[in-house]
Amino acid sequence: MSDLLELAPGFRVDQLVGFRIGVTSDRRSADLIDALARRGATVVHAPTLRMTNALSDDPVIADTRAIIAARPEVLLATTAYGVRRWFEVADAAGLGEDLLDALADTAILVRGPKARGGIRAAGLNDVGMSAEETTESLIDHVLENYPPGLTVAVQLHGFLEASQLQRLSDAHDRVLTVAPYRWVEVDKADDRVERLIEAACTGGLDAITFTSAPAVHALFGAAEELGRYDDLVDAMCGPVVAAAVGPVTALPLVAAGITPIQPDRFRMGALIRLVCEYLETNRVIRLETQHGPLALRGSVVDVAERRVSLAPVALMILRTLVLARGSVVARDRLAAGLPGTNDEHALEVALSRLRQTLAVPGLIATVVKRGYRIDV
């Protein structure tokens, strides 16, 4: 929670009012959801994967015994939670002291500051950190700075491509692994992911946050099953901001052609600050009209000194008109955006309701036989 406290000086309860943000994480999701909601955001929580301890501690204990017996020259520690969980299992099995003794002379390399904290909390010290806070760069460091033929142990973090471990195996005599936890898919009966995907594809979200690469892969997989993959990617290349906590999380997004925002510091607090600043700076649509200033922020509009919440159809119509900045928008173009119909009578009904909601006569002008425009 400490990295969230740094946001306090810039905290505003209305900072994210109107914005709808999807949260895909499981672990620490409560911290992220609370931080966004306290700033006024509407949060849609749909964990795409769930972190869980191993079904049985037996494999972790067996791997721990193998590492103790091998007394590895190098250990790669990848996550603070994984290190803590590993030593908890070792202690419960009566192997804690033996594990500490086996690693006393080991060159311990950590993926990032949190893994370093986990190692130090266990009573050990590391000798270095990866340059990019990724497991891949940690392996690069081992291959570049240590002679071949060593015994290397790796604390796995639930998701690591086999090719990365193969790189170590190609250079060293033995590569031992321990996986204190794993990622599992959410229950198929849980429809939150489906609802998040639908919201993203139909204008119901302004941003989606990601804190792990496996969560991105899982969301894409779910979208493919629903036949919505292309729509989801298009949405995140357009109106829906993809926010990744760091470069590893961003990789599958970038591979899909999406340009995510990501903080300079790969921390939850920095991600929250970036989302706040980016949405306020780049996703509030402002327009000077003949009836005063108008600001569209997510699902609310500030107009005539009032803040008005908009239903999805009304929001779609107003956003299209505001983005045209006073130019005429054809009736058929607006009708094409209506859910389930492109009937012009349905458009007239929706426009009538929008005008009543805004309560600013003349703001939306009818251009006979052409369409509609904002009166600027």
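The model shown is predicted, which means the values in this text are computed figures rather than measured ones. (Residues numbered from 1 in each chain as written. Predicted model: local features only at pLDDT ≥ 70, side-chain atom pairs only at ≥ 80, totals over all residues. Heavy atoms only, no water.)

## A look at the sheet that holds strand β8 (residues 174–178)
In a beta sheet, neighbouring strands pair by backbone hydrogen bonds and run either parallel or antiparallel. What counts here: Two strands make a pair as long as DSSP finds a minimum of two bridges between them. Going along the chain from the N terminus, every DSSP run of H or I of four or more residues is numbered as a helix, and every run of E of two or more is numbered as a strand. Pairs of residues are marked as contacts when any of their non-hydrogen atoms sit within 4.5 Å. The axes used here are C-alpha line fits, helices contributing only the stretch in contact, and every angle between their N-to-C directions lies in the interval 0 to 180 degrees.
Strand order in the open sheet formed by five strands is β6-β5-β4-β7-β8, with parallel pairing between adjacent strands. The outermost strands of the open sheet, each flanked by one partner alone, are β6 (128–129) and β8. The pairing of strand β5 (residues 107–110) with β6 spans two bridges and is classified as parallel. Pairing of Val110 across the sheet is with Met129, part of β6. Contacts between helix α3 (residues 58–70) and the sheet are confined to β7 (151–155) and β8, with β8 contributing the most and set at about 145 degrees to the helix.

## Comments concerning the confidence of the model for the chain
We apply this condition: One confidence number per residue, pLDDT, is output by the predictor and ranges from 0 to 100.
Across the chain, pLDDT averages 89, with 94% of residues at or above 70. Below pLDDT 50 for its whole length, residues 1–9 participates in 19 contacts with residues either more than four positions away or in separate chains.

## So, the sheet that holds strand β10 (residues 207–210)
Spatially, the four strands line up as an open sheet ordered β2-β1-β10-β11, and their pairing is parallel. Only two strands of the sheet have a single partner each, and these edge strands are β2 (42–45) and β11 (241–244). Here the average twist between neighbouring strands, direction ignored, is 25 degrees. Relative to β10, strand β1 (residues 20–23) is paired through three bridges, and the arrangement is parallel. Across the sheet, residue Ile21 finds its bridge partner in β10, namely Ala207. Most of the contacts of helix α12 (residues 247–255) go to β11, to which it runs at about 145 degrees, and overall it touches β10 and β11. With respect to the sheet, helix α13 (residues 268–282) is in contact with β1, β10 and β11, its orientation differing from that of β11 by roughly 160 degrees.

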